[in-house]
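One-letter residues, chain by chain:
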Amino acid sequence: MLNLQEQDLERLVSHMRECGNKLGKATTDLDLLESKTKELESQAFLSAEGTIKDREHKSRTCKLVVENNEKIAELRGDIQKLRWSLKVSEIECDLFRSVNSNKRLERKLYEHLS
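Per chain, the residues get numbers from 1 upward, laid out in the order the sequence is written. Local features in this predicted model are restricted to residues whose pLDDT is 70 or higher, and side-chain atom pairs enter the listing and the counts only when it is 80 or higher, whereas totals over whole chains, interfaces and linings include all residues. Only hydrogens and water are set aside; all other atoms, that is, all heavy atoms of the structure, feed into the side-chain values.

Every helix listed is a DSSP run of H or I at least four residues long, and every strand listed is a run of E at least two residues long, numbered separately from the N terminus. Working rule for helices: expected span equals 1.5 Å times residues minus one. An ideal rise of 1.5 Å per residue puts 75 Å on 51 residues; helix α3 (residues 63–113) measures up with 75 Å between its terminal C-alpha atoms. Turning to α3, its buried residues are Val65, Asn68, Ile72, Leu75, Ile79, Leu82, Leu86, Ser89, Cys93, Phe96, Val99 and Asn100. Only heavy atoms matter for contacts: two residues are in contact if any of them lie within 4.5 Å across the pair. Considering only its buried residues, α3 is in contact with α1 (6–47) and α2 (52–60). Each residue's exposure class comes from its accessible area (1.4 Å probe, protein chains only) as a fraction of the maximum for that residue type: buried when under 20%, exposed when over 50%, partly exposed otherwise.

It is worth spelling out the side chain of Asn68 at this point. Mapped onto the elements of the fold, Asn68 is located in helix α3. When its relative accessible area of 7% is taken as the criterion, Asn68 is described as buried. What Asn68 contacts, discounting residues up to four positions off in sequence, is Leu33, Lys36, Thr37 and Leu40.

Summarising the element assignment, Asp31 is placed in helix α1. The exposure class of Asp31 is partly exposed, given its relative accessible area of 42%.

Moving on, we get to the nonpolar core. Residue types Ala, Val, Leu, Ile, Met, Phe, Trp, Tyr and Cys, when buried and joined through side-chain atoms within 4.5 Å, form a set referred to as a nonpolar core. Counting ten residues, the largest nonpolar core is built from Cys19, Leu23, Ala26, Leu30, Leu33, Ile72, Leu75, Ile79, Leu82 and Leu86. At the level of elements, α1 and α3 are the ones that each hand at least two residues to this core. Leaving out residues up to four positions away in the same chain, Ala26 has contacts with Leu75, Ile79 and Leu82.

Think of a salt bridge as a Lys or Arg side-chain nitrogen and an Asp or Glu carboxyl oxygen that are within 4 Å of each other. Taken as a whole and judged by the stated rule, the model has seven salt bridges. The shortest N-O distance in the salt bridge between Asp29 and Lys25 comes to 3.2 Å. Of this pair, Asp29 and Lys25 both sit in helix α1, four residues apart, which is roughly one turn of that helix.

Glancing now at the packing of α1 against α2. Angle between the axes and distance between the axes: these two values describe a pair of packed helices. Their axes nearest at 8 Å, the elements α1 and α2 cross at an angle of 140 degrees. Here α2 runs oblique to α1, going by the angle between their axes. Seen from above, α1 lies across α2 with right-handed handedness. Contacts between α1 and α2 pair Glu41, Ala44, Phe45 and Leu46 from the former with Ile52, Arg55, Glu56, Ser59 and Arg60 from the latter. When residues are sorted by character, Ala, Val, Leu, Ile, Met, Phe, Trp, Tyr, Cys and Pro go into the nonpolar class, Asp, Glu, Lys and Arg into the charged class, and all the rest, Gly among them, into the polar class. Taken together, the residues that form the contact of α1 with α2 break down as four nonpolar, one polar and four charged. To obtain an axis, a line is fitted to C-alpha atoms, over the contacting stretch when the element is a helix, and the angle between two such axes runs from 0 to 180 degrees between their N-to-C directions. Angle categories are assigned with fixed cut-offs, so that under 35 degrees is roughly parallel, over 145 is roughly antiparallel, 65 to 115 is roughly perpendicular, and the rest are oblique. Here a crossing is called left-handed whenever its near helix is offset anticlockwise from the far helix by less than a right angle, and right-handed whenever the offset is clockwise.

Written out as structure tokens, the structure is:
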């Protein structure tokens, strides 16, 4: 049987708040970085020479665009980790509520029978 205390619940709620804030910041950073990458890609496309296909390839392989793509991948991974962390905390909170609900039900049953 799990032994969940109210301090654990408070810790989980605090953790959920922190994760929510981090998730919001990471999502904002991702949106900004994607916009910046599109802007850099467009600038590289306009400054490149050759056919349209050549210009597209050059703009996508620009050093700054490649660096931003790596950062975007990292941010997406961080966002996924934060989402899972929030989900785990949510499940733990639900488990705490369920265990305490069962304890209250047992207590009421014993009070009624005595």
